[in-house]
Amino acid sequence: MINFLDLKAPYLELKDELDEAIARVVSSGWFIGGSELDQFEAEYATYCNANHAIGVANGLDALHLALRAMGVGPGDEVIVPSNTYIATWLAVSQCGATPVPVEPDVLTFNIDPELIEAAITKRTKVILPVHLYGQPADMDRILAIARKHGLRVLEDGAQAHGARYKGERLGAHGDAVAWSFYPGKNLGAMGDGGAVTTNDPQIADRIRVLRNYGSRVKYVNETQGYNSRLDPLQAAILRVKLAHLDIWNARRSDIALCYQQGLANSGLKLPQVPDWAEPVWHLYVLRHPERDALQQALTDAGVGTLIHYPIPPHLQQAYAHSNWAQAAFPLARSMADQVLSLPMGPALTKEDVCAVVQAVQLATKAVCRQ
Ligand SMILES: *Cc1c(COP(=O)(O)O)cnc(C)c1O
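Residues numbered from 1 in each chain as written. Predicted model: local features only at pLDDT ≥ 70, side-chain atom pairs only at ≥ 80, totals over all residues. Heavy atoms only, no water.

A. Region of the structure containing the packing of helix α3 (residues 35-47) against helix α8 (residues 232-242). Where α3 contacts α8, the axes come no closer than 8 Å and their chain directions differ by 35°. Every pair of crossing elements has a handedness; the one defined by α3 and α8 is left-handed. The residues of α8 that touch α3, namely those facing Glu36, Leu37, Gln39, Phe40, Glu43, Tyr44 and Tyr47, are Pro232, Ala235, Ala236, Leu238, Arg239 and Leu242. For the contact of α3 with α8, a count of residues per class yields nine nonpolar, one polar and three charged. (Axes fitted to C-alpha atoms, helices over the stretch in contact; angles between N-to-C directions. Helix = DSSP H or I, 4+ residues; strand = E, 2+ residues; numbered from the N terminus. Left-handed = near helix turned anticlockwise from the far one by under 90°. Contact = heavy atoms within 4.5 Å. Nonpolar A, V, L, I, M, F, W, Y, C, P; charged D, E, K, R; others polar.)

B. Region of interest: empty space enclosed by the protein. Scanning the model with the defined rule gives four cavities of 30 Å³ or more in all. Taken as a whole, the largest cavity encloses approximately 120 Å³ of empty space. In terms of lining, the largest cavity is formed by 14 residues, of which the most central are Pro10, Pro183, Lys185, Asn186 and Arg252. Residue classes in the lining of the largest cavity are distributed as seven nonpolar, three polar and four charged. The space that makes up the second largest cavity amounts to roughly 100 Å³. Together, 14 residues line the second largest cavity, and Asn83, His308, Tyr309, Ala332 and Met335 are the ones closest to its centre. Sorting elements by how many residues they give to the lining of the second largest cavity places helix α11 (residues 330-338) first, with three residues. Of the residues in the lining of the second largest cavity, the class split is 10 nonpolar, four polar and no charged. (1 Å grid on protein atoms, 1.4 Å probe; cavity = no way out; pocket = protein on both sides within 12 Å on 5 of 7 lines; lining within 4 Å. Points joined across faces, edges and corners; volume = space filled by probe spheres on them.)

C. Structural view of helix α10 (residues 291-300). For α10, every residue scored as buried is listed here: Arg291, Leu294, Gln295 and Leu298. Within α10, the buried residues cover an arc of 100° as seen down the axis, which keeps them to one side. Exposed side chains of α10 directed beyond 90 degrees from the buried face belong to Asp292 and Asp300. Directly beyond the C-terminal end of α10, a positive phi value near 85° is found at Gly302. (Buried < 20%, exposed > 50% of the residue type's maximum accessible area, 1.4 Å probe, protein only. Arc of directions from axis to C-beta.)

Structure (structure tokens):
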């Protein structure tokens, strides 16, 4: 059996370092804020080529607080991809604002810059691209549109720690980037965690106040804030893992290359990478019109796969009140019906990857004959 993802492997690989980091925090008796968090924030900002990193409780809060810091509120609109994890939309809704979906470019799965301008209205405040599956969105084209219309850009980097756009690591191309350290992400904590990186000192300052009850000085509250903090235990764990992120991302790239080469003649639709993008392969997602049958055949062959994501946000009950037309956002719908994520992670061995390639080729032929 080849699992989709092995979450215990990164711990076993770095056991001594992680045990030491955990013991350091536990024995310090300091469990909120403090130097462990400060050091992680400094190290993560440096890694992302950003002036500021602010730790928060999770990726959804990173998105939500960054939008709040940009002044997004009721009546505003934020442009989001039609095909993303629902957190991207929920962050907008939590501000009382409206997510305005834009369809993806079918080759890269990322928001199609060509379609953004048509979605801009006088209420639009922010463009919120997602670097989906670990592949950077086309930032220069998105930033040019934002500049032309006086909009802010918040990037959802939850799947793309370490990815590069035109040679430069993601972290401060737009006004801010929201990150998640959910355990399954490329940089994952042992629990929930998140951060925002930015070069804008005002955004950084507002998020620091918002994450801490709207307070800068203890028991003095300048705004109605939130409790959304990255705790020092998670910060210490993330510091250990950050030092290994590039090695782990390189292993993911090797695996993706094996999949690209091994499945090149399979007739499957494989991920496409523009020459300016250096993805970090959070997920390796292919497309097939008989996706469910293909997934079943792989399950029977002992290969674990997942679907990211089976229902697009606009078809969720959570957004039923928006009353979109039946035919709205056909690309998001067809992707939800066709995408399949192969096993991916730094713990996969070369033998595992070869076995997956072989299983996918056999399963593809079997599905075609049906
Ligand atoms: C994981 C994820 C989030 C949310 O992160 P959490 O830490 O789980 O709140 C947001 N956006 C995308 C694209 C994600 O993949």
